[in-house]
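If you want the building blocks of each chain, they are given just below.
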Amino acid sequence: MGNEKIFLWVGHLNQNKDPLTLVDGFHELLKEHADITLYMIYDGDELLPEVRNKININELLLNKVVLVGKKEQDQIEL
């Protein structure tokens, strides 16, 4: 991650945590702040196909959202 500007989200990819709304909101944020990247750390992948599809069909999101997957709490560096 180095010195880049990041937005970190940690949660489950399910309806309760609503990652699709997160990705939509991040898309709007990118319009004004193109120098940031969203890293998504998640457990549970109920909505993973929908999240991937939303990212893959949008050129602005394609290189700005990183689906990290599961990480243990002690592996998440601040």
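Structure: above.
Residues numbered from 1 in each chain as written. Predicted model: local features only at pLDDT ≥ 70, side-chain atom pairs only at ≥ 80, totals over all residues. Heavy atoms only, no water.

Structural notes on the pattern of salt bridges
Going through the model one piece at a time under the given rule, you end up with four salt bridges. One salt bridge in this structure joins K54 and D24, with 2.8 Å as the shortest N-O distance. Of the two residues, K54 sits in helix α2 (residues 48-56) while D24 sits in helix α1 (residues 19-32), which places them 30 residues apart along the sequence. Taking relative accessible area as the criterion, K54 reaches 22% and is therefore assigned partly exposed. On the basis of relative accessible area, D24 is assigned to the partly exposed category, the value being 37%. Note that K31 is salt-bridged to E28, the shortest N-O span being 3.0 Å. Taken together, the residues K31 and E28, both in helix α1 and three residues apart, mark about one turn of the helix. (Salt bridge = Lys/Arg side-chain N within 4 Å of Asp/Glu carboxyl O. Helix = DSSP H or I, 4+ residues; strand = E, 2+ residues; numbered from the N terminus. Buried < 20%, exposed > 50% of the residue type's maximum accessible area, 1.4 Å probe, protein only.)

Considerations on the nonpolar core
Grouped together as the largest cluster of nonpolar side chains are 16 residues, with contacts concentrated most on L13 and M40. Broken down by secondary-structure element, the contributors of at least two residues to this core are α1, β2 (36-43) and α2. (Core = buried A, V, L, I, M, F, W, Y, C linked by side-chain atoms within 4.5 Å.)

Considerations on the sheet that holds β2
Here we have three strands laid out as an open sheet, ordered β1-β2-β3, and parallel in their pairing. Each end of this open sheet is capped by a strand with a single partner; those strands are β1 (5-12) and β3 (65-69). The average undirected angle you get between the axes of adjacent strands in this sheet is 20°. For β1 and β2, the ladder comprises eight bridges, and the chain directions are parallel. Within the sheet, the bridge partner assigned to V10 lies in β2 and is I41. Each of β1, β2 and β3 is contacted by α1, which is oriented at about 170° to β2, the strand it contacts most. Against the sheet, α2 contacts β2 and β3, and its axis sits at roughly 155° relative to β3. (Pairing = 2+ DSSP bridges. Axes fitted to C-alpha atoms, helices over the stretch in contact; angles between N-to-C directions. Contact = heavy atoms within 4.5 Å.)

Focus: α1
Helix length check: α1 (14 residues) gives 21 Å between terminal C-alpha atoms against 20 Å at 1.5 Å per residue, within 8%. For α1, the set of buried residues is P19, L22, V23, F26, H27 and L30. When α1 is viewed along its axis, its buried side chains cluster within an angular range of 145° and face the same direction. In this structure, the buried residues of α1 make contact with β1, β2, α2, α3 (59-62) and β3. (Expected span 1.5 Å × (residues − 1). Arc of directions from axis to C-beta.)

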